[in-house]
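Structure assessment
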Amino acid sequence: MPATAGPVQAGTTAATPQAEPVRVTLITGDEVAVNAHGTALTPAPGRAGIPVMRQVLNGDQYVIPADALPLLRSGRLDQRLFGVTAPQRFGYTGRRDLPLLVQYPKSGASRGPAGARAAVGAKARVSRDLDRVGMLAVHARSDQAALWSSLTSGTTKARTLRAGVQRVYLDGKLRSSDDVSNPQVGAPTAWQQATCVSGCGMCRSAYGRAARPRTR
């Protein structure tokens with residue numbers, strides 16, 4: 001016999017199915033669940049108790065652990081690494097690899113990619129050395145917390161990037177608005193030197209951010 005729905009009792013309402021939250025993993029390995037009601041943070045192993053700051057800037061949400069804040073303020077980390085809005089636009093949700101650009105010095109005692117490669121170690125896959133702009137294209141696997149510990153050193157209150165790593169950016173995707181704004185900062189010159197990292201079609205955006213790293 002086909003099943004039939006029973007009547008709703010007086011004084012009650014039928015339950016509305018709740019949409020599954022979208023999950024975004026930060027570079028620290030902390031996971032943020034996002035739904036219509038807000039965000040909920042699940043700390044990575046060993047990171048419980050680290051304070052977290054939540055911000056909304058220009059309509060985009062950010063969840064920033066306190067140990068990353070000094071690096072973020074100094075411009076050595078791309079703020080989008082702590083965004084929960086931009087990764088959804090780019091499709092970087094769930095357990096997908098997180099594509100990064102790890103910048104290394106082009107002069108001085110620690111110049112060259114060796115230090116950055118050592119900092120990345122086996123915690124992520126280096127897909128290409130973009131030597132003309134001094135960056136490694138990196139795909140962070142499922143254990144971002146291990147990569148965070150490998151790229152940085154310090155305490156739960158403040159981290160610093162290891163020797164050989166200058167900055168870390170999210171390797172985002174090109175938006176049409178970049179065609180208007182990027183010529184103002186010399187990005188086309190960098191694009192002319194670019195070759196695609198892995199057939200992904202994102203290098204143009206990546207090199208554009210090299211010239212203008214803090215733009216969303």
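Below or above, wherever it landed, is the structure these notes cover. The model shown is predicted, which means the values in this text are computed figures rather than measured ones.

Looking now at the packing of aromatic side chains. Scanning all chains against the criterion turns up 1 aromatic pair. With centroids separated by 5.6 Å and ring planes inclined at 55 degrees, the aromatic side chains of F90 and Y92 adopt a geometry described as tilted. Of the two residues examined, F90 and Y92, each falls in the buried class.

Let us look at empty space enclosed by the protein. For the structure shown, the criterion picks out 6 cavities of 30 Å³ or more. In this structure, the second largest cavity encloses a volume near 50 Å³. What lines the second largest cavity is simply T25, Y92, T93, G94, R96, D97, L98 and Q144. Taken together, the residues that form the lining of the second largest cavity break down as 2 nonpolar, 4 polar and 2 charged.

Moving on, we get to the side chain of R159. Within the secondary structure, R159 sits in strand β10 (residues 159–161). Summary of buried charges: R159 has no salt-bridge partner, and the nearest side chain of opposite charge, D67, is 4.8 Å away. Within the structure, the side chain of R159 is placed 3.0 Å from the side chain of T152, a separation counted as a polar contact. Contacts of R159, omitting those with residues within four sequence positions, involve D67, L71, W148, S149, T152, S153 and G154.

Sheet architecture is open: 3 strands sit in the order β1-β2-β3, paired in antiparallel fashion. Lying at the two open borders of the sheet, with one neighbouring strand each, are β1 (22–25) and β3 (38–42). Strand-to-strand twist across the sheet, computed as the mean angle between neighbouring axes with direction ignored, equals 25 degrees. Two strands pair when backbone bridges link them, and strand β2 (residues 31–35) and β3 are joined in this way by 5 bridges, in the antiparallel orientation. The residue bridging V34 from the neighbouring strand is T39, located in β3.

This part covers the pairing of strand β5 (residues 60–65). In terms of burial, β5 is a largely internal element, 5 of the 6 residues being buried. The pairing of strand β4 (residues 52–57) with β5 spans 6 bridges and is classified as antiparallel. Residue pairing across strands places Q55 opposite Y62, the latter belonging to β5. What sits between β4 and β5 in their antiparallel hairpin is a turn of 2 residues, with N58 showing a positive phi close to 55 degrees.

Rules used throughout
Residues numbered from 1 in each chain as written. Predicted model: local features only at pLDDT ≥ 70, side-chain atom pairs only at ≥ 80, totals over all residues. Heavy atoms only, no water. Phe/Tyr/Trp six-rings, centres within 6.5 Å; stacked < 30°, edge-to-face > 60°. Buried < 20%, exposed > 50% of the residue type's maximum accessible area, 1.4 Å probe, protein only. 1 Å grid on protein atoms, 1.4 Å probe; cavity = no way out; pocket = protein on both sides within 12 Å on 5 of 7 lines; lining within 4 Å. Points joined across faces, edges and corners; volume = space filled by probe spheres on them. Nonpolar A, V, L, I, M, F, W, Y, C, P; charged D, E, K, R; others polar. Helix = DSSP H or I, 4+ residues; strand = E, 2+ residues; numbered from the N terminus. Lys, Arg positive; Asp, Glu negative; His and termini not counted. Salt bridge = Lys/Arg side-chain N within 4 Å of Asp/Glu carboxyl O. Polar contact = N/O pair within 3.5 Å; in protein donor to acceptor, adjacent residues only side chain to side chain. Contact = heavy atoms within 4.5 Å. Pairing = 2+ DSSP bridges. Axes fitted to C-alpha atoms, helices over the stretch in contact; angles between N-to-C directions.

Keep in mind these values describe shape, not function.
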